[in-house]
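If you want the building blocks of each chain, they are given just below.
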Amino acid sequence: MTEKVEILGVQVDSLTMRQAVEEVEKLIALKKNSIVATANAEMLMMATGDAELKKILNSAELVVPDGAGTVWAAHHLGKKMPERVAGFDLVQELMKIAPSKSIKFFLFGSAPGVAEKAKAKAEELYPGIKIVGTRNGYFKSEDEAEIISQIKNSAPDILLAALGVPKQEKWLAAHKKELNVPVSIGVGGTFDVMAGNVKRAPLWMQKAKLEWLFRALLQPSRAGRLVALPKFVWKVHASKNS
Ligand code: UDP
């Protein structure tokens, strides 16, 4: 068990990427239908106005600090948070060890064709990886039973769900028993990046903690979401003094 830091009412794990990978491996071995969330500032802000999301995050087995904002918040509150554990990077680290540890993945979510492209990319980058199934993330409620049995029957160790926040967290929490997958992770735009449809910020921008700005500039439809950042900074600061 790692230490938790409470940020705006959500318990976030204080750990390094290496520790996060180890925790996921332990959760796979436990086979307890665990949920892993990747908490960036936007998600934490959303949770302040969404009690269901907040409850899901606080009952998740692991909540990694995804993004510079989350790490800043912990430090501002005077707590330890060794580094950023971005969802995209966590997925790559898990895929890297997957062939030698026989970890099987199912890729669920994103537009039709994207999960298949991400699968092909993973097979190219991580030879020997077993991706036991894919399914796009656009479905009607009447399709859910079929999706659940598709995932269940392919028996992955890790289910990656890319439906966006908070849909992916809510879907995973609602169906975790039926799915019976050892570890499920909400991964947002990860398949889009792996498929090459959306670019990751250059390393210098990531290092300068400006990845959020890059994403907003590249996808202007996301620019509105930037408003969440100053609100996040303000709320964290206010929570410190309350
Ligand atoms: N998506 C999906 N089904 C939906 C809504 C969204 O599969 O009903 C996918 C969308 O195609 C995209 C991902 O969810 O691949 C959300 O990516 P985004 O970068 O917006 O993630 P977030 O910022 O919400 O983590």
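You'll find the structure just up there.
Residues numbered from 1 in each chain as written. Predicted model: local features only at pLDDT ≥ 70, side-chain atom pairs only at ≥ 80, totals over all residues. Heavy atoms only, no water.

Attention now goes to the site of the ligand. Of all residues adjacent to the ligand, which total 16 residues, the nearest are Ser110, Gly137, Lys167, Asp192 and Arg222. Side-chain polar atom of Tyr138 to an oxygen atom of the ligand: 2.9 Å apart, as the coordinates give it. Arg215 places a polar side-chain atom, nitrogen or oxygen, 3.5 Å from an oxygen atom of the ligand. Considered on its own, the ligand offers 550 Å² of accessible surface; in the complex 79% of this is hidden by protein. (Near = heavy atom within 4 Å. Polar contact = N/O pair within 3.5 Å; in protein donor to acceptor, adjacent residues only side chain to side chain. Areas by Shrake-Rupley, 256 points an atom, 1.4 Å probe, with all protein chains shown as cover.)

Counting 37 residues, the largest nonpolar core has Ile7, Phe108, Ile151, Leu159, Trp171, Leu179 and Phe232 as the members making the most contacts within it. Looking at which element gives the most residues to this core, the answer is helix α2 (residues 41–48), with 5 residues. In this structure, Trp171 is in contact with Phe108, Phe139, Glu144, Ile147, Ile148, Ile151, Leu163 and Leu179, ignoring residues within four places of it in sequence. By size, the runner-up hydrophobic cluster in this structure holds 36 residues, among which are Val24, Phe105, Leu107 and Ile158. (Core = buried A, V, L, I, M, F, W, Y, C linked by side-chain atoms within 4.5 Å. Buried < 20%, exposed > 50% of the residue type's maximum accessible area, 1.4 Å probe, protein only. Helix = DSSP H or I, 4+ residues; strand = E, 2+ residues; numbered from the N terminus. Contact = heavy atoms within 4.5 Å.)

Quick look at the side chain of His175 now. Its place among the elements puts His175 in helix α8 (residues 167–179). Judged by relative accessible area, which is 12%, His175 ranks as buried. At 2.9 Å, the side chain of His175 forms a polar contact with the side chain of Glu178. Filtering out sequence-adjacent residues up to four positions away, His175 remains in contact with Glu144 and Ile148.

A word on empty space enclosed by the protein. With the rule as written, the count across this model stands at 1 cavity of 30 Å³ or more. Empty space within the largest cavity amounts to approximately 40 Å³. Around the largest cavity sit Asn33, Ser34, Ile35, Leu172, Lys176, Leu179, Val181 and Ser184, which together line it. Looking at the lining of the largest cavity, the elements with two or more residues in it are β3 (34–39) and α8. For the lining of the largest cavity, the element with the most residues is α8, which contributes 3 residues. (1 Å grid on protein atoms, 1.4 Å probe; cavity = no way out; pocket = protein on both sides within 12 Å on 5 of 7 lines; lining within 4 Å. Points joined across faces, edges and corners; volume = space filled by probe spheres on them.)

On to the sheet that holds strand β7 (residues 158–162). Sheet architecture is open: 6 strands sit in the order β4-β3-β8-β7-β5-β6, paired in parallel fashion. The open sheet has two edge strands, β4 (62–65) and β6 (130–135), and neither has a second partner. For this sheet, the mean inter-axis angle between neighbouring strands, taken without regard to orientation, is 20°. Across 3 bridges, the pairing between β3 and strand β8 (residues 183–186) is parallel. Bridge pairing links Ser34 to Val183 in β8. (Pairing = 2+ DSSP bridges. Axes fitted to C-alpha atoms, helices over the stretch in contact; angles between N-to-C directions.)

To continue, consider the layout of surface pockets. Taken as a whole, the second largest pocket encloses approximately 240 Å³ of empty space. Taken together, Ala68, Val71, Trp72, His75, Arg84, Leu203, Gln206, Lys207 and Lys209 make up the full set of residues lining the second largest pocket. Breaking the lining of the second largest pocket down by element, the ones donating at least two residues are α4 (68–76) and α10 (203–207). The element best represented in the lining of the second largest pocket is α4, accounting for 4 residues.

At a minimum axis distance of 10 Å, the contact between α4 and helix α12 (residues 228–241) shows a crossing angle of 20°. Accordingly, the angle class assigned to the pair α4 and α12 is roughly parallel. When the axes of α4 and α12 are compared, the crossing they make is right-handed. In this structure, α4 contributes Gly69, Thr70, Trp72, Ala73 and His76 to the contact, and α12 contributes Phe232, Val233, Val236, His237 and Lys240. The residue inventory of the contact of α4 with α12, partitioned by class, reads 5 nonpolar, 4 polar and 1 charged. (Parallel < 35°, antiparallel > 145°, perpendicular 65-115°, else oblique. Left-handed = near helix turned anticlockwise from the far one by under 90°. Nonpolar A, V, L, I, M, F, W, Y, C, P; charged D, E, K, R; others polar.)

On to the packing of aromatic side chains, then. For the structure shown, the criterion picks out 4 aromatic pairs. For the pair Phe108 and Phe139, a centre-to-centre distance of 5.8 Å together with 35° between the ring planes defines the contact as tilted. Residue Phe108 is located in strand β5 (residues 104–109), and its partner Phe139 is located in the loop between β6 and α7 (144–154); the two are separated by 31 residues in the primary sequence. Here Phe108 matches Phe139 in class, with each residue buried. Each ring, one from Phe108 and one from Trp171, has its centre 4.9 Å from the other, and the planes form 55°; the classification is tilted. Remark: Trp171 occurs in helix α8 and Phe108 occurs in strand β5; sequence separation between them is 63 residues. (Phe/Tyr/Trp six-rings, centres within 6.5 Å; stacked < 30°, edge-to-face > 60°.)

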